[in-house]
Amino acid sequence: RKEVEQDPGPFNVPEGATVAFNCTYSNSASQSFFWYRQDCRKEPKLLMSVYSSGNEDGRFTAQLNRASQYISLLIRDSKLSDSATYLCVVGSNYQLIWGAGTKLIIKP
Amino acid sequence: SQTIHQWPATLVQPVGSPLSLECTVEGTSNPNLYWYRQAAGRGLQLLFYSVGIGQISSEVPQNLSASRPQDRQFILSSKKLLLSDSGFYLCAWSVDNLYEQYFGPGTRLTVT
């Protein structure tokens, strides 16, 4: 079983729609959780941290379910510029464990 | 503000040739530095990390090595490249929070 698993997609979504991704992790002792965004052939960029109480940043909402060991990312009112690969990242033992990413394509 | 530089952006090297990739960070002191590799369709794989000059920890046994000759300089090397070394190499830094890492633009290496 992979340490961090994501649906690779692609998710093809019309502009303006709401889209949600999930990610599961295997290490119950994991301490920190993040979503990164990676554009095609570019470096990953930190999108947001994920807190136990859930957190929101504009159109983006991240949630953590420790009991079920999954993390979610919700994007509302999606824009063309949201097209990218979204990487789920888990911090454990002072290292980051990376998912392979979920590809999102927003269509006009 | 902090910036991180990597070069070259792309590189095509024959099997058996040496490799040297360089990463430098500006605008911060004593950063933690990391080398990752990303293969197509895979998650990032941590290769090396460094918490200070001359301090290198290796995560994956392979034919690559890393050095940190200066506080803000991190170098990835190989004496003889393998086909399996092809990938997207990313340097990253962190300061207070080990888990909040920021990446350079990366080097896309193709070994032929």
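Residues numbered from 1 in each chain as written. Chains lettered and ligands numbered in written order. Predicted model: local features only at pLDDT ≥ 70, side-chain atom pairs only at ≥ 80, totals over all residues. Heavy atoms only, no water.

(A) Inspection of the sheet that holds strand 8 (residues 73-78) of chain B at higher detail. All names here are of chain B. Strand order across the open sheet formed by four strands is 1-3-8-7, with antiparallel pairing between neighbours. Here the strands that pair on one side only, and so sit at the sheet edges, are strand 1 (3-7) and strand 7 (64-70). In this sheet, neighbouring strand axes are inclined to one another by 20° on average, regardless of whether the strands run parallel or antiparallel. Bridge analysis of strand 1 against strand 3 (residues 19-26) gives five bridges, and the strand direction is antiparallel. The residue bridging threonine 3 from the neighbouring strand is glutamate 26, located in strand 3. (Pairing = 2+ DSSP bridges. Helix = DSSP H or I, 4+ residues; strand = E, 2+ residues; numbered from the N terminus. Axes fitted to C-alpha atoms, helices over the stretch in contact; angles between N-to-C directions.)

(B) Looking closely at the sheet that holds strand 6 (residues 55-57) of chain A. All names here are of chain A. Spatially, 1-3-8-7-6 is the arrangement adopted by the five strands of the open sheet, whose pairing is antiparallel. In this open sheet, the two edge strands, each paired with only one partner strand, are strand 1 (4-6) and strand 6. Going from strand to strand, the sheet's axes swing by 20° on average, the running direction of each strand aside.

(C) The interface of chain A and chain B, seen in detail. Contacts between the two partners involve 21 residues from chain A and, on the opposite side, 20 residues from chain B. Across the chain A to chain B interface the summed buried area is about 1,600 Å²; carbon plus sulfur atoms make up 58%. Linking chain A to chain B there are zero salt bridges. Inspection of the region where chain A meets chain B yields five residue pairs in polar contact (both at pLDDT 80 or more). Broken down by secondary-structure element, the contributors of at least two residues to the side of chain A that touches chain B are strand 4 (32-38), strand 5 (44-50), strand 9 (84-92) and strand 10 (95-98) of chain A. If you tally residues by element for the side of chain A that touches chain B, the top one is strand 4 of chain A, at four residues. (Contact = heavy atoms within 4.5 Å. Buried area = accessible area lost by both parts, 1.4 Å probe. Salt bridge = Lys/Arg side-chain N within 4 Å of Asp/Glu carboxyl O. Polar contact = N/O pair within 3.5 Å; in protein donor to acceptor, adjacent residues only side chain to side chain.)

(D) Main features of the side chain of A:Gln6. Residue and element names in this part refer to chain A. Residue position: glutamine 6 is located in strand 1. Accessibility expressed as a relative area gives 14% for glutamine 6, which makes it buried. Among the polar contacts made by the side chain of glutamine 6, one reaches the main-chain carbonyl oxygen of tyrosine 86 at a distance of 2.8 Å. Among the polar contacts made by the side chain of glutamine 6, one reaches the main-chain amide nitrogen of cysteine 88 at a distance of 2.9 Å. Other than its neighbours up to four places away in sequence, glutamine 6 contacts Asn22, Cys23, Trp35, Tyr86, Leu87, Cys88, Gly99, Ala100, Gly101 and Thr102. (Buried < 20%, exposed > 50% of the residue type's maximum accessible area, 1.4 Å probe, protein only.)

(E) Broad picture of unusual backbone geometry. Cis rather than trans, the peptide bond between A:Gly9 and A:Pro10 has omega equal to 10°. Cis geometry marks the peptide bond from B:Trp7 to B:Pro8, where omega comes out at -5°. The topology assignment puts B:Pro8 in the loop between strand 1 and strand 2 (10-13). A positive phi angle, close to 65°, is found at A:Arg41, a residue other than glycine. One non-glycine residue, B:Asn30, lies in the positive phi region at around 50°. If you trace the backbone, B:Asn30 turns up in the loop between strand 3 and strand 4 (32-38). On the accessibility criterion, B:Asn30 (48% relative accessible area) is partly exposed.

(F) Up close: the nonpolar core. Counting residues in hydrophobic clusters, the biggest one holds 24 residues, and the most contacted among them are A:Phe21, A:Trp35, A:Ile71, A:Leu73, A:Ile75, A:Tyr86 and A:Leu104. Elements with a minimum of two residues in this core: strand 3 (19-25), strand 4, strand 5, strand 7 (60-65), strand 8 (70-75), strand 9 and strand 11 (102-107) of chain A. Beyond its immediate chain neighbours, meaning those up to four positions away, A:Phe21 contacts A:Phe11, A:Trp35, A:Ile71, A:Ser72, A:Leu73, A:Ile75, A:Tyr86, A:Thr102 and A:Leu104. Formed by 20 residues, the second largest nonpolar core is a distinct cluster that contains B:Leu33, B:Leu47, B:Phe74 and B:Cys91. (Core = buried A, V, L, I, M, F, W, Y, C linked by side-chain atoms within 4.5 Å.)

Geometric values such as these leave the question of function open.
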